[in-house]
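Chain residues, written in single-letter form:
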Amino acid sequence: MNARSLSLFSATIAVGVFVLTRSLASQAPPSSQTLTLLARDGRHPIPISAVNDQEFVALDDLGAAFQLAVREEAGAITVTYKGKTIVVTPDQALASVSGRLVSLPAPPVHAGRRWLVPVEFISRALAPIYDVRLDLRKASHLLIVGDLRVPRLTAKYEAVGSGARLTIDAAPRATSTVQQEGERLTIKFDADALDAPNPLLPPQPAPAIVQAVRVAEPSTVTVDLGPRFAAFRASTQPVDAAMRLVIDFVAPQTTTEAPGAPSAPATATAPPELPPAFAQPISAIRTVAIDAGHGGDDEGVKGAGGTKEKDLTLTVARQLKAAIESRLGIRVLLTRDDDRAVGLDDRTALANNNKADLFISLHANASLRPSVTGAMIFSAGFPPDAEQQARAALAPEPLPTFGGGLRDIELVPWDMAQFRHLEQSVAFATILEQQMHDKVPLGSRPTDQAPLRILESANMPAVLIEMGFLTNPEQEKALAGSGFQNAFTQAVFESVIKFRDHLGMVASR
Amino acid sequence: MTPRRAALIAALTTVVACLAWLLFIGLPRWYGAPAKSTAAAVKPGASAAPVRKITAHLFYVADDGVRLVSTDRDVPFGEGTVQQAKEIIGAQIAPPAAPLLSAIPAGTTLRALFITAKGDAYVDLSHEITGGHSGGTVNELLTVYTIVNALTANLPAVSGVQLLVDGKEVDTLAGHVDLRRPLARNLSWVQ
């Protein structure tokens, strides 16, 4: 084993011990807590003393861990690091950091021959003068030294119909991969360690789909599956500063009778507590991506009354998400959930990477003629020779595999991904037109096809809905009001149900 | 001077005046030759352009606001396809007289235009076409197809049109219509 391997091994062991320590620490009484210093070369526990509900660390311990010189003179304590000084005085909740005053939650405390300082001393006084980044996670008693990737995990588990959903937010953002290994899911995070309680979630009562969620290795979380587990589907989505991993668990389907079979007792049918949507066969639509057009600096169309397209699309997108998720149990991804700029490719990438089954881009229209009103629904339009190009481009290509030999891989050109879904996109647009007909004003040409950039890369049925014209003053007022927004949401909601039925019919042919 | 002699002089003067008009004004107008230089008249094609015109289909926003309407307009004759394309785009992006309404944002100018051997025209427009655009899918479609149709409907040699802005390729003008490749004529947006 060379020196590099040895170092890596020792770091792995150290981080493993850190997780174990944290696991034990979470069960230990507060008085024996330690602050765990986590660095590239391992971990180092620093004892924490509790005084008047305030956590303190000894300056001596910090001095040893960070190569600080600590000396007491003239009634003050001076901490020196590479020529930079921090001065604290026993009766003041202040520190002078290179001549700049910072506040501390409590003054230093004298304990025997040692001086104790509040743990916040590390982040407020030491971090500004230290060479390497110091990240104090006070709640989890963790001090990260250097540029280690240690995302903080927060988890939520909830029942969704007959299934369940596990949501894990990793902040700062860390990508993850989910694999099933027998009766366990393994979630591997792209990180050096995890900042998470262990177990991540309390054990679930039996019979459950998920029995336990634990931190198992430095950057791995395991999910113990219960007897009601049948399948899962994982997706990730950035949410603020975190990367959200959503795992939807599906329970086994209740067996349906074959025609002509003897009647089964009533108890063999679907459990009565299940909502109707979940008593039906698994939908052909499991995930819908909703794209709130524009955002950030790109305001889109702005009405004379001040209504901005980017705000309107976000409001309606959120409303649609709530309606579809709560009433249909279909997972909905938003390409943006706040006012920020998102590239067109990033929007479709989110839908493609999460294997969305339907993509709906929301927009508001503009015309140079202010009298124009009404909603319009677009599906993608390709040039007449696109079919030929697509056939050539979509032909499977034999590529070498790891174990030798060749395997046909279907390569989909990014800007032609929509081509093979066009028929279903047009079908969905037609359904939308029918459902919107008596609910919201439609334009003079309600459905159309056009070479729209956002739709061409969507690898699933996709439409762009222009909800109405913000350049018409009356329609601008209507679009901004709850009356229109509720009616529009209802129309799209019903269209998703109809489209699901339509896909079911197509599949059964 | 006898009355007969005076009449003869008047007749001669009239004939000379007619000949002079014919020589310097009439013939050049009929034949399109320049009046100033006889040398230039030897190359009629080169100097005939400023005064010769063609009739072109130009496109403006229809009354329904969601389509274009085609209007026949006189456009200066251009020698060769590229020059003629420039004249057509120049006329198309110029602010029209009321009641015509242009889908091209005011202030947009043509920076350059070239046509490939395949028949794809690259039209380089100034940044006002994006900066001055009010957005919306319909507005953007009408802006794009105003240019695309103006060339493809008038010049058989042009089969596709790609818009450039300030010399660069752009994804879209205002976030909707894909401009990454040449677009073919589309008269479904024309009444």
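Here, every reference points to the structure presented above.
Presented here is an overview of the structure given in this document. Everything numeric in this text was worked out from a predicted model, so none of it was measured. (Residues numbered from 1 in each chain as written. Chains lettered and ligands numbered in written order. Predicted model: local features only at pLDDT ≥ 70, side-chain atom pairs only at ≥ 80, totals over all residues. Heavy atoms only, no water.)

## Things to note about the overall build of chain A
Our working rule: A run of H or I in DSSP becomes a helix once it reaches four residues, and a run of E becomes a strand once it reaches two; helices and strands are each numbered from the N terminus. Relative accessible area decides the class of each residue, using a 1.4 Å probe on protein chains only: under 20% of the type maximum gives buried, over 50% gives exposed, and in between gives partly exposed.
Scanning chain A for helices and strands turns up 11 helices and 29 strands. Residues counted as buried form 48% of the 509 residues belonging to chain A.

## Remarks on the overall build of chain B
What counts is decided by this rule: Between two residues, a contact is recorded if the distance between any of their heavy atoms is within 4.5 Å.
For chain B, the helix and strand inventory stands at five helices and seven strands. From first element to last, N terminus to C terminus, chain B shows the α and β order α-α-β-β-α-β-β-α-α-β-β-β. Within the span of chain B, comprising 191 residues, buried residues form 42% of the whole. For chain B, contacts bridging at least 24 residues in sequence account for 56% of all contacts bridging at least 6.

## Details of the environment of A:R327
Residue and element names in this part refer to chain A. For clarity, the cut-off: Each polar contact in these results corresponds to two N or O atoms within 3.5 Å; when the atoms are within protein, one needs to be able to donate a hydrogen and the other to accept it, and residues that are neighboring in sequence are counted only if both atoms are side-chain atoms.
Checked against the element boundaries, R327 lands in helix α5 (residues 309-328). Here the alpha-carbon distance between R327 and F493, two residues 166 residues apart in the chain, equals 9.1 Å. Separated by 3.1 Å, the side chains of R327 and Q490 make a polar contact.

## Re the environment of A:L185
With respect to the secondary-structure elements, A:L185 resides in strand β17 (residues 184-189). The buried category is assigned to A:L185, whose relative accessible area is 0%.

## Brief notes about the packing of aromatic side chains
In this description, a pair of aromatic rings is defined by centroid distance and the angle of the planes. Residue and element names in this part refer to chain A. Stated precisely, the cut-off is as follows: Here the aromatic set is Phe, Tyr and Trp, taking the six-membered ring for Trp, and pairing holds for ring centres within 6.5 Å; pairs whose planes are under 30 degrees apart are stacked, those over 60 apart are edge-to-face, and all others are tilted.
Evaluated as defined, the whole model comprises eight aromatic pairs over all chains. A ring pair is formed by F229 and F249, whose centres lie 6.1 Å apart and whose planes are at 70°; its orientation type is edge-to-face. Of this pair, F229 sits in the loop between β19 (220-225) and β20 (231-239) while F249 sits in strand β21 (residues 242-250), and the two are 20 residues apart along the sequence. Using a relative accessible area of 14% as the deciding quantity, one classes F229 as buried.

## Structural notes on the side chain of A:D248
Residue and element names in this part refer to chain A. With respect to the secondary-structure elements, D248 resides in strand β21. At 3.2 Å, the side chain of D248 and the side chain of R331 are in polar contact. Each residue touching D248, except ones within four places of it in the same chain, is listed here: A164, R165, A231, F232, R233 and R331.

## What to know about the packing of helix α3 (residues 80-93) of chain B against helix α5 (residues 137-152) of chain B
Helix packing geometry: the angle between the two helix axes and the distance between the axes. Residue and element names in this part refer to chain B. To keep it simple, the criterion reads: Under this scheme, a helix contributes an axis fitted over its contacting stretch, all axes are lines through C-alpha atoms, and angles between N-to-C directions fall in the 0 to 180 degree range. Take the far helix as the reference: if the near one is turned anticlockwise from it by less than a right angle, the crossing is left-handed, and if turned clockwise, right-handed. Polar here means any residue outside two lists: the nonpolar Ala, Val, Leu, Ile, Met, Phe, Trp, Tyr, Cys and Pro, and the charged Asp, Glu, Lys and Arg; Gly therefore counts as polar.
Relative to each other, α3 and α5 sit at 140°, their axes nearing to 10 Å. Between α3 and α5 lies a crossing whose hand is right-handed. From α3, A85, I88, I89, Q92 and I93 reach across to α5, where they touch T146, I147, A150 and L151. Of the residues contributing to the contact of α3 with α5, the split by class is seven nonpolar, two polar and no charged.

## Notes on the sheet that holds strand β16 (residues 176-181) of chain A
Adjacent strands of a sheet pair through backbone hydrogen bonds, lying either parallel or antiparallel. Residue and element names in this part refer to chain A. Quick note on the threshold: At least two bridges found by DSSP between two strands are what make those strands a pair.
Read from one edge to the other, the open sheet built from four strands follows the order β16-β17-β19-β18, with strand pairing classed as antiparallel. Each edge of the sheet is formed by a strand with only one pairing partner; in this case those strands are β16 and β18 (210-217). Sheet twist, expressed as the average angle between the axes of neighbouring strands with direction ignored, equals 20°.

## A closer look at unusual backbone geometry
Between A:A171 and the following residue, A:P172, the backbone shows a cis peptide bond with an omega angle of -5°. Inspection of the secondary structure assignment puts A:P172 in the loop between β15 (163-171) and β16. In this model, A:N198 is joined to A:P199 through a cis peptide bond whose omega is 5°. Within the fold, A:P199 resides in the loop between β17 and β18. Backbone geometry places B:D166, a non-glycine residue, at a positive phi of 50°. Examined against the element boundaries, B:D166 turns out to sit in the loop between β5 (160-165) and β6 (168-169). The exposure class assigned to B:D166 is partly exposed, which follows from its relative accessible area of 32%.

## Some points on the sheet that holds strand β3 (residues 49-51) of chain A
Residues and elements named next belong to chain A. Taking strand neighbours across the sheet as the criterion, the four strands line up as β3-β4-β11-β10 in an open arrangement whose pairing is antiparallel. The open sheet has two free edges, formed respectively by β3 and β10 (109-111), since each of these has just one partner strand. Ignoring strand direction, the axes of neighbouring strands in this sheet form an average angle of 45°. Pairing between β3 and strand β4 (residues 54-58): three bridges, direction antiparallel. When the bridges of β4 are listed, A50 appears paired with E55. Of the strands in this sheet, β4 and β11 (114-118) touch helix α2 (residues 59-66), which is tilted by about 55° from β4. Those strands touched by helix α3 (residues 120-129) are β4 and β11, and its axis lies near 90° from that of β11.

## A word on the pattern of salt bridges
Counted only if it meets this: By definition here, a salt bridge exists when the distance from a side-chain nitrogen of Lys or Arg to a carboxyl oxygen of Asp or Glu is within 4 Å.
Taken as a whole and assessed by the stated rule, the structure comprises 40 salt bridges over all chains. Residues A:D339 and A:K310 are paired through a salt bridge, measuring 3.0 Å at the closest nitrogen-oxygen approach. Taken together, the residues A:D339 in the loop between β23 (331-334) and α6 (344-353) and A:K310 in helix α5 connect sequence positions 29 residues apart. Here A:D339 falls in the partly exposed class, since its relative accessible area comes to 44%. Given a relative accessible area of 7%, A:K310 falls into the buried group. Here B:R111 and B:D166 are joined by a salt bridge, their closest N and O atoms 3.7 Å apart. Here B:D166 lies in the loop between β5 and β6 and B:R111 lies in strand β3 (residues 110-115), a separation of 55 residues in the sequence. What you see here is one network of salt bridges that share partners, running through A:R133, A:D135, A:R137, A:D147, A:R152 and A:D195.

## As for the environment of A:P207
Residues and elements named next belong to chain A. Residue position: P207 is located in the loop between β17 and β18. P207 sits in the exposed class, given a relative accessible area of 55%. Remark: the alpha-carbon pair of P207 and F229, spanning 22 residues in sequence, is separated by 9.8 Å. Residue contacts for P207: discarding those within four places in its chain leaves P227 and R228.

## Focus: the pairing of β17(A)
Residues and elements named next belong to chain A. By the bridge criterion, six bridges tie β16 to β17 in an arrangement that is antiparallel. Following the sheet pairing, T177 is matched in β17 by K188. Taking the residues between adjacent antiparallel strands as the criterion, β16 and β17 are bridged by two residues, where G182 takes a positive phi near 65°.

## Remarks on the nonpolar core
Put simply, the rule reads: Among buried residues, the Ala, Val, Leu, Ile, Met, Phe, Trp, Tyr and Cys ones that are joined through side-chain atoms within 4.5 Å form a nonpolar core.
With 61 residues, the main nonpolar core has A:F359, A:F378, B:V123, B:I147, B:L151, B:V161 and B:L163 as its most contacted residues. Grouped together as the second largest cluster of nonpolar side chains are 43 residues, A:A317, A:L358, A:L432 and A:M436 included.

## Focus on the interface of chain A and chain B
Condition: Joining two parts hides part of their accessible area as seen by a 1.4 Å probe, and the buried area is that hidden amount summed over both.
Every contact between the two is made by 27 residues of chain A and, on the other side, 31 residues of chain B. Taken over both partners, the interface formed by chain A and chain B buries close to 2,300 Å², and the fraction arising from carbon and sulfur atoms is 54%. Counting every contact that joins chain A to chain B gives five salt bridges. Across the salt bridge formed by A:R369 and B:D63, the nearest N and O atoms sit 3.7 Å from each other. At the surface where chain A touches chain B, the tally comes to 14 residue pairs in polar contact (both at pLDDT 80 or more). For the side of chain A that touches chain B, the secondary-structure elements that each account for two or more residues are β24 (358-365), β25 (375-380), β28 (442-450), α9 (453-456) and β29 (462-469) of chain A. Examining the composition of the side of chain A that touches chain B, we find that five residues originate from one element, β28(A), more than from any other. Of the residues that constitute the side of chain A that touches chain B, the class distribution is 13 nonpolar, six polar and eight charged.

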